[in-house]
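Overview (structure and organization)
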Amino acid sequence: MGDRDTAFAAYFAARSEAMRGTAYLLCGDWHRAEDLAQTAFTKLYLVWNRVSRHEVLDAYVRQILVRTFLDERRRGWWRRERVGGEQTDRPTPPESPETRLVLLQALVAVPPRQRAVLVLRYWEDQSVEEVAALLGCSAGTVKSQSARGLDTLRGLLSPTPSGARKGQP
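First, a word on what this report is: a plain description of the structure on this page. Please read all numbers here as calculations on a predicted model, not as lab measurements. (Residues numbered from 1 in each chain as written. Predicted model: local features only at pLDDT ≥ 70, side-chain atom pairs only at ≥ 80, totals over all residues. Heavy atoms only, no water.)

Before going further, it helps to examine the packing of helix α1 (residues 3-27) against helix α2 (residues 30-46). The angle between the axes and the distance between the axes are what describe a pair of packed helices. Where α1 contacts α2, the axes come no closer than 8 Å and their chain directions differ by 145°. Crossing of α1 over α2 shows right-handed handedness. Grouping the constituent residues of the contact of α1 with α2 by class yields 15 nonpolar, two polar and six charged. (Axes fitted to C-alpha atoms, helices over the stretch in contact; angles between N-to-C directions. Helix = DSSP H or I, 4+ residues; strand = E, 2+ residues; numbered from the N terminus. Left-handed = near helix turned anticlockwise from the far one by under 90°. Nonpolar A, V, L, I, M, F, W, Y, C, P; charged D, E, K, R; others polar.)

A few words now on the pattern of salt bridges. Within the structure shown, the criterion is met by five salt bridges. Across the pair Glu-34 and Arg-20 runs a salt bridge whose closest N-O atoms are separated by 2.7 Å. On the criterion of sequence distance, the pair formed by Glu-34 in helix α2 and Arg-20 in helix α1 is long-range, its members being 14 residues apart. The class of Glu-34 is partly exposed, set by a relative accessible area of 38%. By relative accessible area, which is 21% here, Arg-20 ends up partly exposed. Measuring nitrogen to oxygen at the nearest pair gives 2.9 Å for the salt bridge that ties Glu-124 to Arg-62. Separated by 62 residues along the polypeptide, Glu-124 in the loop between α6 (112-123) and α7 (128-135) and Arg-62 in helix α3 (residues 57-75) bring together distant segments of the chain. For the pair Glu-124 and Arg-62, one class covers both residues: buried. The network of salt bridges with shared partners includes Glu-17, Arg-20 and Glu-34. (Salt bridge = Lys/Arg side-chain N within 4 Å of Asp/Glu carboxyl O. Buried < 20%, exposed > 50% of the residue type's maximum accessible area, 1.4 Å probe, protein only.)

A complete count under the given rule lists eight aromatic pairs for this structure. Seen from their ring centres, Phe-8 and Trp-48 are 5.3 Å apart, and the 85° between their planes marks the pair as edge-to-face. Separated by 40 residues along the polypeptide, Phe-8 in helix α1 and Trp-48 in the loop between α2 and α3 bring together distant segments of the chain. Summarising the burial analysis for this pair, Phe-8 and Trp-48 share the class buried. Here Tyr-11 and Trp-48 contribute two aromatic rings whose centre-to-centre distance is 6.2 Å and whose plane-to-plane angle is 40°, an arrangement assigned as tilted. Taken together, the residues span a long stretch of sequence, with Tyr-11 in helix α1 and Trp-48 in the loop between α2 and α3 at a distance of 37 residues. Here Tyr-11 and Trp-48 have matching classes, each one buried. Taken together, the ring pairs in this structure connect Phe-8, Tyr-11, Phe-12, Phe-41, Tyr-45 and Trp-48 into an aromatic cluster. The cationic tip of Arg-4 hangs over the ring face of Tyr-45; the distance from NZ or CZ to the ring centre is 4.1 Å. Directly above the ring of Tyr-122 sits Arg-121, whose terminal nitrogen or CZ lies 5.5 Å from the centroid. (Phe/Tyr/Trp six-rings, centres within 6.5 Å; stacked < 30°, edge-to-face > 60°. Lys NZ or Arg CZ within 6 Å of the ring centre and 35° of its normal.)

In this section: α2. An ideal rise of 1.5 Å per residue puts 24 Å on 17 residues; α2 measures up with 24 Å between its terminal C-alpha atoms. Within the span of α2, buried status applies to Arg-32, Ala-33, Leu-36, Ala-37, Ala-40, Phe-41 and Leu-44. Burial along α2 is one-sided: seen end-on, the buried residues are contained in an arc of 165°. Across α2 from its buried face, at more than 90 degrees, point the exposed residues His-31, Gln-38 and Leu-46. Among the residues of α2, the N-terminal cap falls to Asp-29, whose side-chain oxygen and the backbone nitrogen of His-31 are separated by 3.0 Å. (Expected span 1.5 Å × (residues − 1). Arc of directions from axis to C-beta. Polar contact = N/O pair within 3.5 Å; in protein donor to acceptor, adjacent residues only side chain to side chain.)

Rendered as structure tokens:
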């Protein structure tokens, strides 16, 4: 193995699980997360010799990951392959050990762009400016997408009386 392959293999071994975790938060499915992470690392490998600033590789791979996720959503693949109907599960109380699973399940229902912002801001702990740079948008867009995403999550997690729609008694 050459120096290029050795360096890439070391980076992949160190960061692939973290990127796969981020991908899971974006898409909500471990199999798709694996595919997204693999695609991101494949794209990185193809340009490995041209990457001059190895200290910012995480941000670069995260950007590839998010853009791949959003591009996939734009193509409609997920919509065609999506199976299942209406969610019947109710959020559990905060003291329940299943809270994390309920939150992850609700995160999948958040629109992709809002989900990307929420994952990058609150899971990856990126600043507004870093997320804006990753997504190629303004800081104001990141803030508004974050607020909308949090509102969507709250709506998904708040209990509603059976048969009542949001905004109706």
